[in-house]
Amino acid sequence: MPKLDPKKIERAWFLPWNAGWTRCVTFLGGSERLAAGNQQGDILLWDLPGKMPEAAPAGAGKAKGDDEFSAPVRRPLRAFRGHTNLVSRLGASPDGKWLYSASWDHTLRIWDTQAAAEGTAEVALFDQSRGSQAKKRGMSDADVAPVQVEVVQDSQVLEGHREWIRGFSMSADGGRLLTGDDAGIVILWDMPAGKELTRLETGGGWARAVALSHDAKLAFVSESSDRHAEIAGSIKLWDLETGKVRQDLTDNKAMRAQYNRVMSFYSAAFAPDGKRLALGLSKVHLFDVESGKIVWEEEGHKEGVMHVAFSADGQYLFSTGKDTVVRVRDAKDGKQVAEIGAPRGSQFKDWLHDFALSPDEQWLATADMAGMAHVWHFAS
Amino acid sequence: MHRLCQPGEHFSRRAFMKSALVAAGGAAVANWGGLVNSQAVAAELQKTGKRCIMIWLGGGASQIDTFDMKVGRPNAGPFRPIQTNLPGLEICEYMPNVAQLADKLCVIRSMSTGDPGHISGTHLMHCGRRNEGIVEYPEIGSVVAKYLGRPDSALPSFIQFATGGQSGPRAGSGFLGPKYQPFRMSTDKPPAFTTGYLKEDEEQRRRDLFQFAQGEFTADRHAESYQAYQEAKESAWRLMDVRDIFSVQKEWPKVKDLYGDTEFGKRCLLARRFVEAGVPFVEVDNAGGGWDTHELNFDGHKRLIPPMDKGWAGLLIDLEQRGLLDDTLVIWQGEFGRTPGINNRIGRDHFARAWTTVLAGGGVKRGYVHGKTDADGRTVTEGLVDTGNYFATIFHALGIDPKAHNYIGIRPIPVAPDHSKVVQELLA
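Calculation notes
Within every chain, residues take consecutive numbers counted from 1 along the sequence as written. Chain letters and ligand numbers both follow the written order, the letters beginning at A and the numbers at 1. Since the coordinates come from a predicted model, pLDDT governs what is reported: local features require at least 70, and pairs of side-chain atoms require 80 or more to be given and counted, while whole-chain, interface and lining totals use all residues. Counting other C-beta atoms within 10 Å of a residue's own tells you its class, since 20 or more makes it buried, 12 or fewer makes it exposed, and anything in between is partly exposed; those C-beta atoms are placed from the backbone. Numbering of helices and strands runs from the N terminus; a helix is a DSSP stretch of H or I covering at least four residues, while a strand is a stretch of E covering at least two. C-beta atoms are first placed from the backbone for all residues, and any pair lying within 7 Å is then listed as a contact. Between N-to-C directions, angles cover 0 to 180 degrees, with each direction set by a line fitted to C-alpha atoms, over the stretch in contact for helices. These descriptions rest on fixed angle ranges, namely under 35 degrees for roughly parallel, over 145 for roughly antiparallel, 65 to 115 for roughly perpendicular, and the rest for oblique. By the definition used in this description, the sense in which the near helix is turned from the far one sets the handedness, with an anticlockwise turn below a right angle giving left-handed and a clockwise turn giving right-handed. Residue polarity follows a fixed list, in which Ala, Val, Leu, Ile, Met, Phe, Trp, Tyr, Cys and Pro are nonpolar, Asp, Glu, Lys and Arg are charged, and the others, Gly among them, are polar. Only when DSSP finds a minimum of two bridges between them are two strands counted as paired. The score called pLDDT rates the predictor's confidence residue by residue, from a low of 0 to a high of 100.

Peer 1: Give a detailed account of helix α4 (residues 118-127) of chain B, specifying residues and quantitative values.
Peer 2: All names here are of chain B. Burial within α4 is extensive, with eight of its ten residues counted as buried. Burial in α4 covers these residues: H118, G121, T122, H123, L124, M125, H126 and C127. Those residues of α4 hidden inside the fold are in contact with α5 (140-148), β8 (328-333) and α11 (387-397). Downstream of α4 by one or two residues, G128 has phi in the positive range, about 80°.

What follows is the structure in structure tokens.
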């Protein structure tokens, strides 16, 4: 597998989806299939060629700088329908057969990505405004027309949660999934069986940011709060074999100074070795798990870090958020080594909510609230 | 948005004495607010025992995420509706307590007030009028204090929990004069002056000494300011005599499950204690402007609605159980609603064209939903209620003639704006 070099990045594909905010993305198995979910509860699946486009699309050169039209459009093939509220996170089994989705409809769903379709549906890719823009950039009417996709129903609905599910983290082998909801229910699942293994007894705050160590033995749970909530926020490490709190990091002085009782983190991720933990809220923080001390913390997402994840070797920490770029940092010291995408320049622009690295770490996909996903390629 | 610091946040014993002195002095100024003209009317009204509690949702709560849900529409948002105990009325899933009291509510889904600014909207929804600058209009609490307040009461006639935040500053008593200024509190904790720094017997000796000295001093001196000072001092002492009203410490353990163990719950309990003790108007701030959710509207409302639901429902239940709800009008409102559209920060912005307020209790219809908005909630399609008519209706429900005049010099100013009409459908 070629070594990841985050500095050599190029825009590969543009995945428009005119149906509200695109909230989450995941690669399935390899780098040739991608799924994304949105706030209406829909999930789409795209096939990707697994290699860079041979030519830039017509009109790509008309742009000042780099934008979505610099990359060719890919059209979705399948829609996974069943959720009745926002799809917050997606994950997949290592072989890509099973897709896992978490939703604000309080359910987790398991989808057989190879299941026979149960019908077709029309999906709009461009709204009027972006369609006009696309045509000015050389696309035809046919290019911006809606497409027909196959519709697939869920294979299994997991109903162990009773509030919006936002916390979502998978083990390295894909066999365990940790999910958290706004009632503070945190569950460890055996996947793809969908069997509940452990349920943590938290304090009832919003378990918005959860992280599962790569060996699935340790869980991090941030129970969020804010100035109006009645439950003080907390950040704790849980031993999943005993189901008990192993370490309470809530009273970390540095974190208290910044967030007081508001531990309303959006995202968390363990490094592959389990010794470090990244958290995202107004900054990206890197914790030393053993000592509970902050190793470094960096700003850079306009006070809104929506997602963090380590590279497979733990060398890099990726983050994205309200400033619409993915930032790549050296995990040792937090120094930024790459910036992917361009800040849209205003607090009134759509955010990036999520990103996913392909298993071979040669591709990066981002979920853009503006109704699209983007696929990037790390040049070898 | 900036946070506006309210004077009530710094209220002290000394500050209270100062304002009481000004108020007493104001009472002696001839024709201030047309007092002479309407005192007889007020005296009659004071016997009715009508009261009003306003729950203020500073920043502007979203009607689409509370009482005017647009299920299935693209702008509906992620909250789901639940059925209330009023057939046909569904409200937000995070208001289960209020849902069980919907048969006591008068929901107005057709407010159209036209002012989407925090400061101007706060003025408008407190005074019933735009801030014209030339005329300092009083806010509703001051008007109610004037007409329904009892001069012999030890307690203020208008108590206002004003915690600042992103909503606008309050107008105060305006041209009605300092006598009707709100008595401002910023937390549920008793004001500092209620904790005497002298022992009770020492306080009494001091009081006796003051009365003796003041009596001697004013025996052959008759300036109004001496009298005003004495009245202010007496007023402060009377307030000290009823200071237990301000403390919820004893009652709270018994009712915290009813009101919800929150700051807002405590304020709602205090509001009930105040109206029970005869205070005609209490404004309870909810969340200090926190409803202004331009960003992450649904996270914000999801956090704010449950404690609001619990406290508001607890208040209505408590008032009902004590037989106070028939005479107490409970108003639920902010300065405006929020946009039907969801912006690209997952927020909703200011919206005053088609939004919702809720009344309950004294004088208004129970179990009634007034007005309609279109499929996406962008405009009122039926039963539009503007600011003037809204305030005229509230005053009428409280037994105050909306057309009654107060005066600035010889200029008559009606209680509700000129040409406003009472919305009869809202009345019991």
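Peer 1: Just give me the short version of the packing of helix α9 (residues 263-276) of chain B against helix α10 (residues 297-321) of chain B, but keep the residues and values in it.
Peer 2: All names here are of chain B. Contact geometry of α9 with α10 gives a least axis separation of 9 Å together with a crossing angle of 20°. Comparing their axes, α10 and α9 come out roughly parallel. Taken as a pair, α9 and α10 cross one another with a handedness that is right-handed. Residues F264, G265, C268, A271 and R272 of α9 form the contact with α10, whose own contacting residues are P307, M308, K310, G311, W312, G314, L315, D318 and L319. By residue class, the composition of the contact of α9 with α10 is eight nonpolar, three polar and three charged.

Peer 1: Outline unusual backbone geometry, supporting the account with residue identities and numerical values.
Peer 2: A cis amide bond, omega 5°, links M191 of chain A with the succeeding residue P192 of chain A. Residue position: P192 of chain A is located in the loop between β14 (185-190) and β15 (195-201). A positive phi is found at L296 of chain B, a non-glycine position, where the angle reads about 50°. As for its position among the elements, L296 of chain B is in the loop between β7 (281-285) and α10. If you check the backbone angles, I346 of chain B has positive phi at about 55° while not being a glycine. For I346 of chain B, the position within the fold is in the loop between β9 (337-338) and β10 (350-351). What makes I346 of chain B buried here is the crowd of 24 C-beta atoms within 10 Å.

Peer 1: Describe in detail the environment of S169 of chain A, supporting the description with residues and values.
Peer 2: With respect to the secondary-structure elements, S169 of chain A resides in strand β12 (residues 165-170). According to the C-beta neighbour criterion, S169 of chain A is buried, with 26 such atoms within 10 Å.

Peer 1: Which residues make up the pairing of strand β5 (residues 158-161) of chain B, and what are the values?
Peer 2: Residues and elements named next belong to chain B. By the alternation rule, side chains of β5 split into F158 and Q160 and I159 and F161, which are all buried. Sheet analysis places β5 next to β7, joined by three bridges and oriented parallel. Residue pairing in the sheet places F158 in a bridge with F281 of β7.

Peer 1: Tell me about the sheet that holds strand β27 (residues 336-340) of chain A, and name the residues and values.
Peer 2: All names here are of chain A. Reading across from one edge, β24-β25-β26-β27 is the order of the four strands in this open sheet, with antiparallel pairing throughout. Of all the strands in the sheet, just β24 (305-310) and β27 have a single pairing partner and so form its edges. Here the strands of the sheet are splayed against their neighbours by 20° on average, with no regard to which way each runs. Summarising the sheet, strand β25 (residues 316-321) and strand β26 (residues 326-330) pair through five bridges and their orientation is antiparallel. Bridge pairing in β26 places L317 opposite R329.

Peer 1: Tell me what's going on with the confidence of the model for chain B, and back it up with residues and numbers.
Peer 2: Residue and element names in this part refer to chain B. Of the residues in chain B, 86% have a pLDDT of 70 or more, and the chain-wide mean is 86. For residues 18-37, every residue scores under 50 in pLDDT, and the model assigns this stretch 36 contacts once sequence neighbours within four places are set aside. Model confidence for the complex is summarised by a pTM of 0.88, with the ipTM given as 0.90.

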